[in-house]
Each structure stands twice: as C-alpha cells, then as structure tokens.
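Overview (structure and organization)
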Amino acid sequence: GSVSQDYLQYMLWQLPTNITGWICRALITSSLLQAVGLSTEPGSAAAASAAIKWVTKDGLGAVGRLFIGGRFGGVFDEDPKQWRLYAEVIGSFGGLFELATPLAPDYFLLLASLGHLTKAVARGLKDPSFRVIQNHFAISENVGDVAAKEEVWEVAGQLIGLSLGVVLLSTPVVATSYSQLALSWMIIRSFHLWLRYQTLAALELPTMNFKRLNVLIMEHIQGRPLSGVGECNKKENLILPYTMLMPQIRLGCSLREVITLGKTPLEIEEAFELYNSEKYVLIVLSQFLSSCSCNIKFRVCQDGCENTTLLRSIYQAHVLFHSKSFDTFTLKQSLTSMQKSFASFLDELVAAGWNPSKLVVKVPSFSPTYTLKANVEERQQ
C-alpha cells in the first residue's frame, strides 16, 4: 500500500535485467585482466581464475547491500542526515582494509573482499538516505532534474579529485613511500569526513523527527521561542542515534512487551483508566542503576498512527521526564499539563514555520487501545 501499482511489475523485470548485467560484468572483468598483462595468451585459465576471485569480491559486497536494504529500509526517511554520515564513516573502514593490502599481499583477496563488503554496506546506507535528501531538494516535484544536476556536481568533483590525485601520486615522496601514501590518505580522509559533516549540517529538513522534536519541545517547556527550520536543524545532534538521547521513547509498544518488562495487568488497567480520553497510553519503565542514577524509558501504546496522537504522547513524555518524578500522581499531572499546553505548542510550531503534518518517526508496530484494554480485562478475569 506504500508504492504505486506498477512497482511489482517493474521490479520483476528489473531483477533479470540486473542478473544479465552482472554476468556481462564478470566476463568483461576477465577480458580487462588479460589486457593489463595478467596472461600473454588470450582466454587463458589464469585470467579466468583472477576474474572469478575479483567477481567473488564483488559478490560479497552485494551481500552487504542486500542485508542493508532488507534490514534497515525503514530508517532512512526519519534521519537521512545521520545515516549519510554513518555511511562515510563505514566507507572509511573499507578504505583501511584496502589500504592494508600491500602489507599482507598473501591475504589480498581477504582484505580486498572485506574492504569491498564494508564499502558496499556504506553504499547501502548512502544511496537511500541521499534519495531522501534529493526529494527534499525537489520542491517542484522535479526529482529527475535535481538528480541530473547533482550528477554534474559529482562528476566535476570527480574530475578535479582524480586530477589532484594523479598530481599527488606523481610526487616522488608519495610514489616511492607506502608510509607517506598511507599517511596522506588518512589526512585527506579525515578532512573528507569533516567536510561531509559540514555538508549535512547545512541541510534544513522541514520534517520533524525525534531529534528535532527534542529541541522544539524543550524550548516550549522552558518558555522559549521555538526555533525555525534552519535554526533547529543546526541544533540537531547528527552523530548520536535518537535511541541514545533523552528521554528514550518507543512508539507502537504492544501489551505483551509491557507485561514482559514488568508491568502487571492491574497497573496497565489503571493506566487505561487515566488515559480514557486519549488515543494513547504512556507507560513509564524505571530501572535503578545505582542509589543516585535511574534509567527511565517510555513506551507508548497508541490507537493508530495519527500525527496528533504521536505528538501528544511524545510531548507528555518530555514533560514527565523533566519533572524528575514518575509516580502515578505525577503521571496524571504531566497528562494534565500536556492537555493544557499542547494547543499552544501546535500554534507556535506553525508560527515558527513547521508543518505538524510533516512528522517522520518510526512506529514499528501498534495495537489499538481498545484491543489492549479488552486483553487486560480478560487477563484480570
């Protein structure tokens, strides 16, 4: 239901097209290896054997991309900047594996394969996240035009970079010393990562995810003016995933999970009574790490995935977390506070240039509250 009707037919034709394309690439690889002098006799077994090893390296990389696409496909829309940055870091490790091949030539295939696999994982993260960024740029539904122009920018950078790389390789120091070559790579790669961070920090995404909501809700709770799109994006934490930020909130929590984490049916029933007028139930899980440290996590059981319902639950979790108390009375107080302040929060969001309908947060699963409540009553009986 999230794709157009022609998606399946297109992909059924795309799969054999990709298969035949890679078969041709494997055959061409053998031809290229012969051309660079691997064998003096065309069609020799040596060239074919080397081509098989090279294609095996590519195959391991394909496995990495397959894993990323199948496992993490749902995370890129929420935080494309973070995943694009992670792609660069992971790709750097792939470069380190390849850089180490002269140090252990007997393990060339292993190191090259690990490098290719790591880079393929990085590409699996880079391509989907960058497509989200491209869609952000295409404000006139001109994704093709934006992609074509981006290709021009990329090719220009590629030509300049290759030219400077040739100049650098032509210098006697780098050309004759592996240590100088490796040092040059590390310095330039570090500078490259810093440039990538600055590139992503310049993005002004108009959607609200957990990170940007953290900034906006805290400003509203503290009585400060809400940041606009550009200012809020600059305050966003690009490095840490939202699961490591406070408060820790998980949407779409099931009744089974809540009970597994220590809540009794009676406690859940009391929570449903408290949230009788809402379309969600906020569950507080406390884990005391020491006498002065407590790890607080929030779980939200909501009825559907309406933006307003999700926003209200996230807002209340912030109010409760910053109250530093988590008993039933404070839970009720935080609910009342959210109900009184939420309308003004929405008004200030709009005034600051945000669209409340552009909420992008991951909801892995959800169960309607009426079903959950029925299950609780059934368990009590």
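Residues numbered from 1 in each chain as written. Predicted model: local features only at pLDDT ≥ 70, side-chain atom pairs only at ≥ 80, totals over all residues. Heavy atoms only, no water.

For the chain, the name recorded in an unreviewed UniProt entry is Protein root UVB sensitive/RUS domain-containing protein, with Selaginella moellendorffii as its organism. UniProt's Sequence similarities (unreviewed entry) comment on the chain is quoted here verbatim: "Belongs to the RUS1 family." (UniProt positions renumbered as here; feature names shortened; annotations may be inferred.)

**Remarks on the overall build of the chain**
Check the secondary structure of the chain and you find 14 helices and three strands. Sorting the 381 residues of the chain into buried and exposed places 34% on the buried side. Once local pairs closer than 6 in sequence are excluded, the contacts in the chain between residues at least 24 apart make up 72%. Carbon and sulfur atoms make up 62% of the accessible area of the chain, which amounts to about 22300 Å² in all. (Helix = DSSP H or I, 4+ residues; strand = E, 2+ residues; numbered from the N terminus. Buried < 20%, exposed > 50% of the residue type's maximum accessible area, 1.4 Å probe, protein only. Contact = heavy atoms within 4.5 Å. Areas by Shrake-Rupley, 256 points an atom, 1.4 Å probe, with all protein chains shown as cover.)

**Considerations on the nonpolar core**
Core analysis: the biggest nonpolar cluster contains 42 residues, and Leu216, Ile249, Leu251, Leu282, Phe298 and Phe345 have the highest contact counts within it. Mapped onto this core, the elements with two or more residues apiece are helix H8 (210-221), helix H9 (229-235), strand E1 (248-251), helix H11 (265-274), strand E2 (280-290), strand E3 (293-302), helix H12 (307-321) and helix H13 (328-351). (Core = buried A, V, L, I, M, F, W, Y, C linked by side-chain atoms within 4.5 Å.)

**Description of unusual backbone geometry**
Only a minority of non-glycine residues have a phi that is not negative, and only a minority of peptide bonds are not trans. At the junction of Met246 and Pro247, the peptide bond is cis and its omega measures out at -5 degrees in the coordinates. Relative to the assigned elements, Pro247 resides in the loop between H9 and E1. With phi around 55 degrees, Glu141 is a residue other than glycine that occupies positive phi space. Along the chain, Glu141 falls in the loop between helix H4 (108-137) and helix H5 (143-170).

**With respect to the packing of helix H3 (residues 80-99) against helix H7 (residues 178-201)**
For the pair H3 and H7, interaxial distance at closest approach is 10 Å and the crossing angle is 175 degrees. When the axes of H3 and H7 are compared, the pair comes out roughly antiparallel. Contacts between H3 and H7 pair Lys81, Arg84, Leu85, Glu88, Val89, Gly91, Ser92, Gly95, Leu96 and Leu99 from the former with Tyr178, Leu181, Ala182, Trp185, Met186, Arg189, His192, Leu193, Arg196, Tyr197 and Leu200 from the latter. Residue composition of the contact of H3 with H7, by class: twelve nonpolar, four polar and five charged. (Axes fitted to C-alpha atoms, helices over the stretch in contact; angles between N-to-C directions. Parallel < 35°, antiparallel > 145°, perpendicular 65-115°, else oblique. Nonpolar A, V, L, I, M, F, W, Y, C, P; charged D, E, K, R; others polar.)

**Some words on the pattern of salt bridges**
Under the criterion given, the structure shown has 14 salt bridges. Glu219 is paired through a salt bridge with Lys235; the nearest N and O atoms lie 2.8 Å apart. In this pair, Glu219 is assigned in helix H8 and Lys235 in helix H9, connecting sequence segments 16 residues apart. Through salt bridges with shared partners, one network takes in Arg84, Glu88, Arg189 and Arg196. (Salt bridge = Lys/Arg side-chain N within 4 Å of Asp/Glu carboxyl O.)

**Points about the environment of Val121**
Within the secondary structure, Val121 is located in helix H4. For Val121 and Gly94, which are 27 residues apart along the polypeptide, the C-alpha to C-alpha distance reads 9.3 Å.

**Section: H7**
Compared with an ideal rise of 1.5 Å per residue, which puts 24 residues at 34 Å, H7 spans 35 Å between its outermost C-alpha atoms and is within 8% of the ideal. Contacts made by the buried residues of H7 are with H3, H4, H5 and helix H6 (172-176). (Expected span 1.5 Å × (residues − 1).)

**Looking at the confidence of the model for the chain**
On average, the chain scores 78 in pLDDT, and the residues at 70 or more come to 73%. Below pLDDT 50 for its whole length, residues 288-293 participates in four contacts with residues either more than four positions away or in separate chains. Every residue in residues 366-381 scores below 50 in pLDDT, and together they form 34 contacts with partners more than four places removed in sequence or on other chains. (pLDDT = per-residue confidence, 0-100.)

**Some details on the side chain of His220**
Mapping His220 onto the fold places it in helix H8. Judged by relative accessible area, His220 falls into the buried class, the value being 11%. A distance of 3.5 Å separates the side chain of His220 from the backbone nitrogen of Phe345, its partner in a polar contact. Filtering out sequence-adjacent residues up to four positions away, His220 remains in contact with Leu226, Tyr315, Ser341, Ser344, Phe345 and Glu348. (Polar contact = N/O pair within 3.5 Å; in protein donor to acceptor, adjacent residues only side chain to side chain.)

**Remarks on a nonpolar patch on the surface**
On the surface, a nonpolar cluster with roughly 410 Å² of combined accessible area is contributed by Tyr7, Leu8, Met11 and Leu12. Looking at the secondary structure, you find Met11 in helix H1 (residues 7-35). On the basis of relative accessibility, which here comes to 34%, the residue Met11 falls in the partly exposed class. (Patch = residues over 30% accessible without salt bridge, like charges linked within 9 Å, V, L, I, M, F, W, Y side chains within 5 Å.)

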